[in-house]
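Each chain is listed here by its residues.
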Amino acid sequence: MFYEPSTRTSASFDAAMQRLGGRTVAIPVAHSSTQKGETLQDTVRTLACYGDAIVLRHPDNDSADIAAKYSPVPVINGGNGTREHPTQAFLDLFTIREEHGTLNGLVITFVGDLKYGRTVHSLCKLLEHYNVQVHLVSPTSLALPKDVRQKLVATGQLISEGTELTAEIVAKSDVLYCTRVQKERFPSLDEYDKVKDTFIVNSETMRNAKKTAIVMHPLPRNMEVSEEVDFDGRAAYFRQMRYGLFCRMALLALVLYN
Ligand code: NCD
């Protein structure tokens, strides 16, 4: 069950549930009783009466905590505000392992909007358990939140931070993890326009990349990865989506059938 559908993540969960032989009931925020002033805890309690698990995708940062506190059925966080996107992190981790065989010893470069890119926040958390090195490349105004950055510093994984995706960093990277500059997260269109096309990965960029490197993106993408890269075998983002389906099937099976 969802609470903010019509997104890629919701579609992926929907497909995963159907492949497991289950069903979903989609409840869009816009049409839910939230609009009538219902609290999230009451909505969650209600949804729990209809389904065996809840997948919650909600614009508020504290939504997952509230749902976990009040729901009598398992809650999967499908994205809470700008904070976390843990199922994306699992599928990202799975993608890297499938494509590279292991995470250990890899150099991972995060590019783009690292401030609002919640998939990056969640993946960084998982990376703490691995022997990886991390480069951060973003406009200063879209740098990684302090707490997430601090953890990378504490583990000694953070190798460099910059505002430019240089040929040197590209050449060292085993994973180029690109993120969308998320228009909907900006207070004004002006601020969005200033940074929207800053980091573009194209064929020229890929000329400097390792033969074994992969390009990842949580999708949807805008300008940040040029379409010409789609025809490069190192473009892993569509395979990443496919892996996501399997990871979400595994997660649903885990919470529903155990
Ligand atoms: C991401 C998200 O929702 O945070 N997308 C997704 O999981 N399909 C990234 C984004 O919206 O840019």
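Refer to the preceding data block for the structure.
Residues numbered from 1 in each chain as written. Predicted model: local features only at pLDDT ≥ 70, side-chain atom pairs only at ≥ 80, totals over all residues. Heavy atoms only, no water.

**Q** Can you lay out the pattern of salt bridges for me, pointing to particular residues and giving the numbers?
**A** It is possible for side chains of opposite charge to pair when their charged atoms get near one another. Under the defined criterion, the tally for this structure stands at 12 salt bridges. In this structure, Asp-65 engages Arg-83 in a salt bridge whose closest nitrogen and oxygen atoms are separated by 3.2 Å. Taken as a pair, Asp-65 in helix α3 (residues 63–70) and Arg-83 in the loop between β2 (75–80) and α4 (86–100) lie far apart in primary sequence, 18 residues in all. Here Glu-84 makes a salt bridge to Lys-125, at a shortest N to O gap of 2.7 Å. Here Lys-125 lies in helix α5 (residues 118–127) and Glu-84 lies in the loop between β2 and α4, a separation of 41 residues in the sequence. For Glu-84, a relative accessible area of 15% gives the class buried. Overall, Lys-125 belongs to the partly exposed group, its relative accessible area being 40%. (Salt bridge = Lys/Arg side-chain N within 4 Å of Asp/Glu carboxyl O. Helix = DSSP H or I, 4+ residues; strand = E, 2+ residues; numbered from the N terminus. Buried < 20%, exposed > 50% of the residue type's maximum accessible area, 1.4 Å probe, protein only.)

**Q** Tell me what's going on with the layout of surface pockets, and back it up with residues and numbers.
**A** Counted as a void, the largest pocket has a volume near 550 Å³. Forming the boundary of the largest pocket are 29 residues, of which Thr-9, Arg-57, His-85, Leu-219 and Pro-220 lie nearest the centre. Only α1 (8–19), β1 (54–58), α4, α5 and α10 (237–257) provide two or more residues apiece to the lining of the largest pocket. Of all the elements, α10 adds the most residues to the lining of the largest pocket, at 4 residues. For the lining of the largest pocket, the residue count by class is 6 nonpolar, 15 polar and 8 charged. (1 Å grid on protein atoms, 1.4 Å probe; cavity = no way out; pocket = protein on both sides within 12 Å on 5 of 7 lines; lining within 4 Å. Points joined across faces, edges and corners; volume = space filled by probe spheres on them. Nonpolar A, V, L, I, M, F, W, Y, C, P; charged D, E, K, R; others polar.)

**Q** Help me get a handle on the side chain of Arg-180, residues and values and all.
**A** Inspection of the secondary structure puts Arg-180 in the loop between β6 (175–178) and α8 (189–195). Apart from residues no more than four positions distant in its own chain, Arg-180 is found in contact with Asp-113, His-217, Pro-220, Asn-222 and Glu-224. (Contact = heavy atoms within 4.5 Å.)

**Q** Can you break down the sheet that holds strand β7 (residues 214–216) residue by residue, with the values?
**A** The 5 strands lie next to each other as β5-β4-β3-β6-β7, forming an open sheet whose pairing is parallel. With one partner strand each, in any of the chains shown, β5 (158–162) and β7 form the two edges of the open sheet. Averaged over all neighbouring strand pairs, the angle between strand axes comes to 15°, with direction disregarded. Direction of pairing for strand β3 (residues 107–111) relative to strand β4 (residues 133–137): parallel, over a ladder of 5 bridges. Looking at β4, one finds that Val-107 is bridged to Gln-133. Packed on one face of the sheet, α4 meets β3, β6 and β7 and runs near 165° to β7. Helix α6 (residues 146–154) rests against β4 and β5 of the sheet, and its axis sits at about 140° to β5. (Pairing = 2+ DSSP bridges. Axes fitted to C-alpha atoms, helices over the stretch in contact; angles between N-to-C directions.)

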